[in-house]
Amino acid sequence: MGQAKIRPHLNLTTSLMIQNVTVFEHNGAETLLRAKRLAVTIDLLGLIRGRGVMPTEVQIDRPELLLRRLDDGRWNVMVLAEAVRQHVRPTPRVTPIQLPRIVLVAGELRFGARQVTHINLELEPKPAPLLFEVLALAGATHRTRCRLSGHCVHGEQYGQPRS
């Protein structure tokens, strides 16, 4: 992991920035994720009021996700997720959360010889019944470009007309 900086702001938020982030597969043999910079903005007022540390924005610059199938047929990212889940203790109380704004800039996804490049993604949290407003742009091999925009709606609202 690279250099980390914490910057407090006058609006009672603080930013944690980490340069050159690397996440390894569960067994530590191969790189799973690299990012040039990870920046997380945290609401200090929420922390002071006892709501815990909840980010208001997460920005990841130049992330590279390197997916591969392991010898047993499972994907490397799923093995890591299973290992993390085993170490997380369930909490007895349900705490409502405010989802943060999530921004990915100039990302890349690789799986085998295939890759999706120039991934730019913005997920903007919205009030119920919407979850996020989405804007995504990406390029794939052979100079293909994709654009996706829309809304992510809570499951009970899916497919129902808006009133």
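Look up a bit, the structure's there.
Residues numbered from 1 in each chain as written. Predicted model: local features only at pLDDT ≥ 70, side-chain atom pairs only at ≥ 80, totals over all residues. Heavy atoms only, no water.

(A) Structural view of helix α2 (residues 76-87). End to end, α2 covers 18 Å across 12 residues, agreeing with the expected 16 Å (1.5 Å per residue, within 8%). Taken residue by residue, α2 has Asn76, Val79 and Ala83 as its buried positions. One side of α2 carries all its buried residues, which in axial view fall inside an arc of 65°. Where α2 is buried, its residues contact β3 (31-43) and β5 (64-67). (Helix = DSSP H or I, 4+ residues; strand = E, 2+ residues; numbered from the N terminus. Expected span 1.5 Å × (residues − 1). Buried < 20%, exposed > 50% of the residue type's maximum accessible area, 1.4 Å probe, protein only. Arc of directions from axis to C-beta. Contact = heavy atoms within 4.5 Å.)

(B) Inspection of the pairing of β3 at higher detail. With 11 bridges connecting them, strand β2 (residues 13-24) and β3 associate as antiparallel partners. The residue of β3 that forms the bridge with phenylalanine 24 is threonine 31. Following β2, the chain reverses through six residues before pairing antiparallel with β3; glycine 28 in that reversal takes a positive phi of roughly 80°. In the sheet, β3 pairs with β5 via two bridges, with the strands oriented antiparallel. Along β5, the bridge assignment pairs arginine 34 with glutamate 64. With six bridges connecting them, β3 and strand β4 (residues 55-61) associate as antiparallel partners. Bridged to isoleucine 42 within β4 is proline 55. (Pairing = 2+ DSSP bridges.)

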